[in-house]
Amino acid sequence: MTHQNPFQSSVRLRRIRKSKNIRDMVTETQLSVKNLIWPVFILEGHNRKEEVKSLPGVFKYSLDLLLKEVKKASELGLPGLALFPVIPENKKDTQASESANPDGLMPQAIREIKKHNPELCLFTDVAMDPYSSDGHDGLVDDGKILNDETLPILAKMALVQAQAGADFIAPSDMMDHRIGYIRQYLDKNGYTNTGLLSYSAKYASAFYGPFRDALDSNPKSGDKKTYQMNPANSTEALEEVTQDLSEGADIVMVKPALSYLDIIQKVSENFDRPVAAYNVSGEYAMLKLLAQQGLAQERDIVLESLTAIKRAGAQIIFTYFAKDVAEWLKDK
Ligand code: PBG
């Protein structure tokens, strides 16, 4: 059956979608395992593996078991990890003192992982919340989050991680001036080659719920809106990035990712520096649940989502799907 199309145009955009080979040839954005960083949760003790209930398929591991998973991740070609320690309640206090312990869970994990996988790039989280009995990223005084008083605590935490062998310190706390303060402190102590990945545009998002569940790090009172950004703002994100780069950040991050693709794009277009994005816990859960309900193919929605994050302009993507994706991309 032929139909006379009265519209006169020789342009037919479907020609480049005709076959898989031509579609592959004209693909603009190619997601690679090399773009992916796998965030991991570390438990104290031995032989422990616990699923995070709100994140089906994501586990917290004690270091001995984690090392086995890390070896697999490295064999799959993943270039790096983001480390998050699960600190028991009895080691938390208002000052996050445990974060400065050179023999604490985090520095121990950094040393061990580096010893066995020197090539893996380790990004280590700096913020008070995993260690704080208040569950906030900064010091709390009478309900207020103190900025300048928090900086030395963050800097000590960063130094302990750098001494243990972290490649990039990743401050996720959103205090003002923390990048400059930490940079100077690391330099003064001889760690001029330890990098800084700043969570520059980190929003006060409702998508962090499952992560706080995993770490048991919900704020005990109030919320994080006096330090994390208002989801309604975008020019402010550029201001945050400008500030962090001027203070010495090597890589800047936008977080979350999927509801903030416009921010990722703006940051990547406005600055000639590497941009990272964090595909956060709530985004993982959202996709996972859709797949578990049989409403989408997991592989398809995950690859589509991560490709979108890269298309927006992020070269580095933190994602709990990292190992799955590495498996899927193996035969590509
Ligand atoms: C805390 C921190 C959070 C995440 C990473 N670092 C949570 C928060 O700000 O409350 C969230 C990551 C995720 O949801 O996957 N400094």
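Above this text you will find the structure in question.
Residues numbered from 1 in each chain as written. Predicted model: local features only at pLDDT ≥ 70, side-chain atom pairs only at ≥ 80, totals over all residues. Heavy atoms only, no water.

Visitor: Looking at this model, I keep getting lost on the overall build of the protein chain. Mind explaining?
Guide: Regarding its fold elements, the protein chain presents 11 helices and 12 strands. A compact globule built from 332 residues should have a C-alpha radius of gyration of about 20 Å, and the protein chain, at 21 Å, falls within 12% of that. Across its three principal directions, the C-alpha atoms of the protein chain cover 75 × 45 × 40 Å. When burial is assessed residue by residue, the protein chain has 53% of its 332 residues classed as buried. A separation threshold of at least 6 residues defines the contact pool for the protein chain, and within that pool the share at least 24 residues apart is 74%. Here the protein chain has roughly 16,100 Å² of accessible surface; of this, 49% comes from carbon and sulfur atoms. If the 40 positive side-chain charges of the protein chain are averaged to one point and the 45 negative ones to another, these points end up 9 Å apart. (Helix = DSSP H or I, 4+ residues; strand = E, 2+ residues; numbered from the N terminus. Rg over C-alpha atoms; globule rule 2.2 N^0.38 Å. Buried < 20%, exposed > 50% of the residue type's maximum accessible area, 1.4 Å probe, protein only. Contact = heavy atoms within 4.5 Å. Areas by Shrake-Rupley, 256 points an atom, 1.4 Å probe, with all protein chains shown as cover. Lys, Arg positive; Asp, Glu negative; His and termini not counted. Charge placed at Lys NZ, Arg CZ, Asp CG, Glu CD.)

Visitor: Is there a simple way to think about a nonpolar patch on the surface in this case?
Guide: A cluster of nonpolar side chains, contributed by Ile16, Met25 and Val26, occupies part of the molecular surface with about 300 Å² of accessible area. By the element assignment, Ile16 lies in the segment before helix H1 (20-25). For Ile16, a relative accessible area of 46% puts it in the partly exposed group. (Patch = residues over 30% accessible without salt bridge, like charges linked within 9 Å, V, L, I, M, F, W, Y side chains within 5 Å. Salt bridge = Lys/Arg side-chain N within 4 Å of Asp/Glu carboxyl O.)

Visitor: Whenever I open this one, the pattern of salt bridges confuses me. Can you help?
Guide: Oppositely charged side chains can form a pair if their charged atoms are brought close together. Within the structure shown, the criterion is met by 18 salt bridges. For Lys72, the salt bridge identified is with Glu69, shortest N-O distance 3.2 Å. Residue Lys72 and its partner Glu69 are both found in helix H2 (residues 63-75); the two are separated by three residues, about one turn of the helix. Exposure remark for Glu69: the relative accessible area of 13% places this residue in the buried category. Where Arg178 meets Asp244, a salt bridge forms, and the shortest distance between an N and an O atom there is 3.4 Å.

Visitor: When you look at the site of the ligand in this model, what are you seeing that I'm missing?
Guide: Around the ligand sit 17 residues in total, of which Ser172, Arg212, Lys255, Ser281 and Tyr320 are the nearest. Here an oxygen atom of the ligand and a side-chain polar atom of Tyr320 are 2.6 Å apart. Bound to the protein, the ligand loses 100% of the 400 Å² it would expose on its own. Within the shell around the ligand, the residues separate by chemical class into seven nonpolar, three polar and seven charged. (Near = heavy atom within 4 Å. Polar contact = N/O pair within 3.5 Å; in protein donor to acceptor, adjacent residues only side chain to side chain. Nonpolar A, V, L, I, M, F, W, Y, C, P; charged D, E, K, R; others polar.)

Visitor: Looking at this structure, how should I read the nonpolar core?
Guide: For soluble globular proteins, the rule of thumb is that nonpolar side chains tend to be buried together. Core analysis: the biggest nonpolar cluster contains 109 residues, and Phe41, Phe318 and Val325 have the highest contact counts within it. The element best represented in this core is helix H4 (residues 151-164), accounting for eight residues. In this structure, Val325 is in contact with Leu31, Leu36, Val302, Leu303 and Leu306, ignoring residues within four places of it in sequence. (Core = buried A, V, L, I, M, F, W, Y, C linked by side-chain atoms within 4.5 Å.)

Visitor: Any chance you could explain unusual backbone geometry here in plain terms?
Guide: Backbone phi values are negative for most residues with the exception of glycine, while trans is the configuration of most peptide bonds. With an omega of -10 degrees, the peptide bond between Lys255 and Pro256 qualifies as cis. One can find Pro256 in the loop between strand E10 (251-255) and helix H8 (261-270). For His177, which is not glycine, the phi dihedral falls at a positive 70 degrees. Among the structural elements, His177 can be located in the loop between strand E8 (168-171) and helix H5 (178-188).

Visitor: Even after reading the chapter, I still don't get H4, so can you show me in this structure?
Guide: Working note: α-helix, 3.6 residues per turn, so residues spaced by three or four point in the same direction. Under the 1.5 Å per step criterion, the end-to-end length of H4 is 20 Å for 14 residues, consistent within 8% with the ideal 20 Å. With 11 of its 14 residues buried, H4 lies for the most part within the structure. Buried residues of H4: Leu151, Ile153, Leu154, Ala155, Met157, Ala158, Leu159, Val160, Gln161, Ala162 and Ala164, and no others. Structurally, H4 contributes buried residues whose contacts are with helix H3 (105-116), strand E5 (121-126), strand E6 (139-141), E8 and H5. (Expected span 1.5 Å × (residues − 1).)

Visitor: What is the right way to read the environment of Arg311 from this model?
Guide: Counting through the fold element by element, Arg311 comes out in helix H10 (residues 298-312). Residue Arg311 is classed as exposed on the basis of its relative accessible area of 58%. Sequence separation between Arg311 and Glu89 is 222 residues; the distance between their C-alpha atoms is 41 Å.

Visitor: How do you make sense of helix H9 (residues 281-292) when you look at a structure like this?
Guide: With 12 residues, H9 should cover 16 Å at 1.5 Å per step; its first-to-last C-alpha distance of 16 Å lies within 8% of that length. Buried within H9 we find Ser281, Gly282, Glu283, Tyr284, Ala285, Leu287, Lys288 and Ala291. Buried residues in H9 make contact with helix H6 (209-215), strand E11 (275-279) and H10. Phi for Gly294, located one or two positions after H9, is positive at around 75 degrees.

Visitor: Could you clarify how one ought to interpret the pairing of strand E9 (residues 195-202) in this entry?
Guide: Taken residue by residue, a regular strand's side chains alternate between the two faces of the sheet. Of all eight residues making up E9, eight are buried, and the element is well covered by its neighbours. As paired strands, E8 and E9 are joined by two bridges and run parallel to one another. Within E9, the position partnered with Ile169 by the bridge is Leu196. One crossover worth recording links E8 to the parallel E9 by way of H5, and it is right-handed. (Pairing = 2+ DSSP bridges. Right-handed = clockwise from strand over helix to strand, strands pointing away.)

Visitor: Explain a negative patch on the surface to me, please; I cannot follow it from the model alone.
Guide: On the surface, a cluster of negative charge is made up of Asp141, Asp142, Asp148, Glu149 and Asp176. Mapping Asp141 onto the fold places it in strand E6. Classification of Asp141 by relative accessible area gives partly exposed; the value is 44%.

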